[in-house]
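# Structural overview
Residue strings, one per chain:
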Amino acid sequence: MNNLGEFLRDVWRLSRPYFRSEEKWTAWVLLASIIGLNLAMVGMNVVLNFWNQQFYNALQKHDFTAFMQLLFTWRRTPSGNIMPGFTEVVAVYILVFVYATYLNQWLQIRWRRWLTGRFLDEWLADRAYYRISLGGSDQAGGGQAGGDQALGTDNPDQRISDDLRDFVGVTLSLGVDFLSNLVSIASFVGILWALSGDLTLWGVTIPGYMVWVALVYAVVGTWLTHLVGRPLVGLRFRQQRVEADFRYALVRVRENVEGIALYGGEAEEKGNLRDRFHNVITNWWAIMLRTKRLNALVSGYGQIAIIFPFVVAAPRYFTNQIQLGGLMQTAGAFGQVQGSLSWFVNAYASLAQWRAIVERLTTFHRAIVVARGLAAQGAAGPAVTTSADGTVTLANLTLALPRGEKLLTGAQLSLAPGMATVITGRSGSGKSTLFRAIAGIWPFGSGHIIRPPAERCLFLPQRAYIPLGTLRHVIAYPRDPAHLAPGEIETALRDVGLAGLIEHLNQDRNWAQTLSGGEQQRIAVARALIVKPDWLFLDEATASLDPEAEQALYQVLKTRLPGTTLVSIAHRPAVARFHDQRLVLDRPGDGAGVLRAEALAAE
């Protein structure tokens, strides 16, 4: 494979942390046990190889007593060694095989659990998940090399769920299998060398000739397999991506059924789904065609390998240099050596899948590292610090889009506690981006934002987030409802006009689809009543309600949260009467905007 060294380093970087983690002793014990059991199976294959010699010699001599002993009890060989019966060897083999598989699965689930926890921790830390979702890095931090390739990773959900699962399973399977084959070569090559004898060709005597035949056979097969199967790596990588894209599109339809139905967008959705599924089918056909060629080669290679050792060893048998048992033992040893040397041939499809998995996980992890590194270096947008006097201050604030286009430049502003502010401006002027910047999550821009501690601020976006779980959990989010005062959730629901939901608090449904847009925004306001922040920022957080309901909710906020300073992004003039000052984000055309104060009387 191309860049094999770099690929193996990536595997090591992904694998090493677990075996150095707090679970390292359990991990190493399980791994050592798995390796030991697999090597024990190699040892039993060696025993069975010698057993074959004795068994087929007994058949050739019509020795019924030896036949029965070799099947059920034990027999002393002419050299004085004790050969156990087939029944005993197989019984032990089955026991070893069962526990080797069991311990392998045990290590898999522990390793996967640890890796999943690590990736989740790093993905969610420093809001790396948010920056990765925006894609690109060269607009922040002074021009980061790599651009979209560094952060624009697709389908992180698939990489965490499917790719981590497959990485652990395939890595263990291939790693243990490779080690077993190395030991098998070491175990059988000496046997095959001794059984082969010498072969003289054109006056040249070749000792242990069957070892060299097995080596040449394996090398030729490996080269041909790599030649035919190399494109599978890229095809497997792409297949994982297009499968995830199709699944994501299906999830989007499921989550937006009402909007699709109201728009009558079934035909458009069907076309989109079919296009994405067409990508799945097209790439799958390419995999099928390439796999067909690879299977033809591997299958033919394997079938020839069955008869090949008999053909090579037959001259010694027909000249009475070896008996039938010796022929069978020689063929078995040749098969073990040739099979082990041909490990690359037989495992090529799995190796192609493994490389695709490792590349996807490596690029995803690098994106996380880049995103967190930019945050640690202060290159993740405007700097956000804590104010000593509880004010919100913007100092020389510049905001940009991911592609570099300026939204706001050089903004200077100070908002005092208790002074409610409404921010207006035409659509696309950058109001929501300013909202995200004050929240400390917007990574593109420069300048300084000084605000109260995060725990004393609450930000309500236009589209309320509705997590999975019971309605009680939904309303308390992100707090634990068990830590709230009795009746606090019920009171908040009554205040926001959702008293009818109180009886459903302990029901677990898909509330994001059950609740209307207006109800979801009311729940977001209920969260504010529970949190009681010093500063409450609302980005058109009541826009889905009718004007009368919107005014009623603002009145509730003013009454129930008298010590909270409101900062609202809104378009409706009626909202302005609940605020003390107005700011306009004025952005002409596609140029950079400015933030200016404007009298409320202008409404």
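Note: the structure precedes this text.
Residues numbered from 1 in each chain as written. Predicted model: local features only at pLDDT ≥ 70, side-chain atom pairs only at ≥ 80, totals over all residues. Heavy atoms only, no water.

Before going further, it helps to examine the pairing of strand β15 (residues 581–586). Residues in a regular strand point their side chains to alternate faces of the sheet. For strand β8 (residues 421–424) and β15, the ladder comprises four bridges, and the chain directions are parallel. Paired with I423 across the strands is L583, a residue of β15. Of the pairings in the sheet, the one linking β15 to strand β16 (residues 594–598) comprises five bridges and is antiparallel in character. Considered in β16, the bridge of R582 is made with E598. (Pairing = 2+ DSSP bridges. Helix = DSSP H or I, 4+ residues; strand = E, 2+ residues; numbered from the N terminus.)

Under the 1.5 Å per step criterion, the end-to-end length of helix α8 (residues 209–229) is 30 Å for 21 residues, consistent within 8% with the ideal 30 Å. Those residues of α8 that sit buried are Y209, M210, V211, A214, Y217, A218, G221, T222, T225, H226 and G229. (Expected span 1.5 Å × (residues − 1). Buried < 20%, exposed > 50% of the residue type's maximum accessible area, 1.4 Å probe, protein only.)

Moving on, we come to the environment of F167. Position of F167 relative to the elements: it lies in helix α7 (residues 156–196). Accessibility expressed as a relative area gives 0% for F167, which makes it buried. Residues F167 and L361 lie 194 residues apart in sequence; the distance between their C-alpha atoms is 8.6 Å. Discounting residues that sit within four places of it in the chain, F167 has contacts with V11, L14, S15, W111, L115, W354, I357, V358 and L361. (Contact = heavy atoms within 4.5 Å.)

Right, let's get into the sheet that holds β16. One open sheet accounts for six strands, arranged β10-β13-β14-β8-β15-β16; its pairing is mixed. Lying at the two open borders of the sheet, with one neighbouring strand each, are β10 (457–460) and β16. Adjacent strand axes in the sheet meet at a mean angle of 20 degrees, parallel and antiparallel pairs treated alike. Where helix α15 (residues 431–439) meets the sheet, it contacts β8, β10, β13 (535–539), β14 (565–569), β15 and β16, and its direction lies at approximately 150 degrees from that of β13. Packing against the sheet, helix α19 (residues 517–531) makes contact with β10 and β13, and its axis sits at approximately 175 degrees to β10. (Axes fitted to C-alpha atoms, helices over the stretch in contact; angles between N-to-C directions.)

Inspection of every chain in the model, using the stated rule, returns 23 aromatic pairs. Between Y18 and W114, the aromatic rings sit 5.6 Å apart at their centres with planes inclined by 55 degrees, giving tilted as the arrangement. On the criterion of sequence distance, the pair formed by Y18 in helix α1 (residues 4–19) and W114 in helix α4 (residues 86–124) is long-range, its members being 96 residues apart. An identical accessibility class is assigned to Y18 and W114; each is buried. Taken together, the ring pairs in this structure connect Y18, F19, W28, W111, W114 and F167 into an aromatic cluster. (Phe/Tyr/Trp six-rings, centres within 6.5 Å; stacked < 30°, edge-to-face > 60°.)

None of this, on its own, says anything about what the molecule does.
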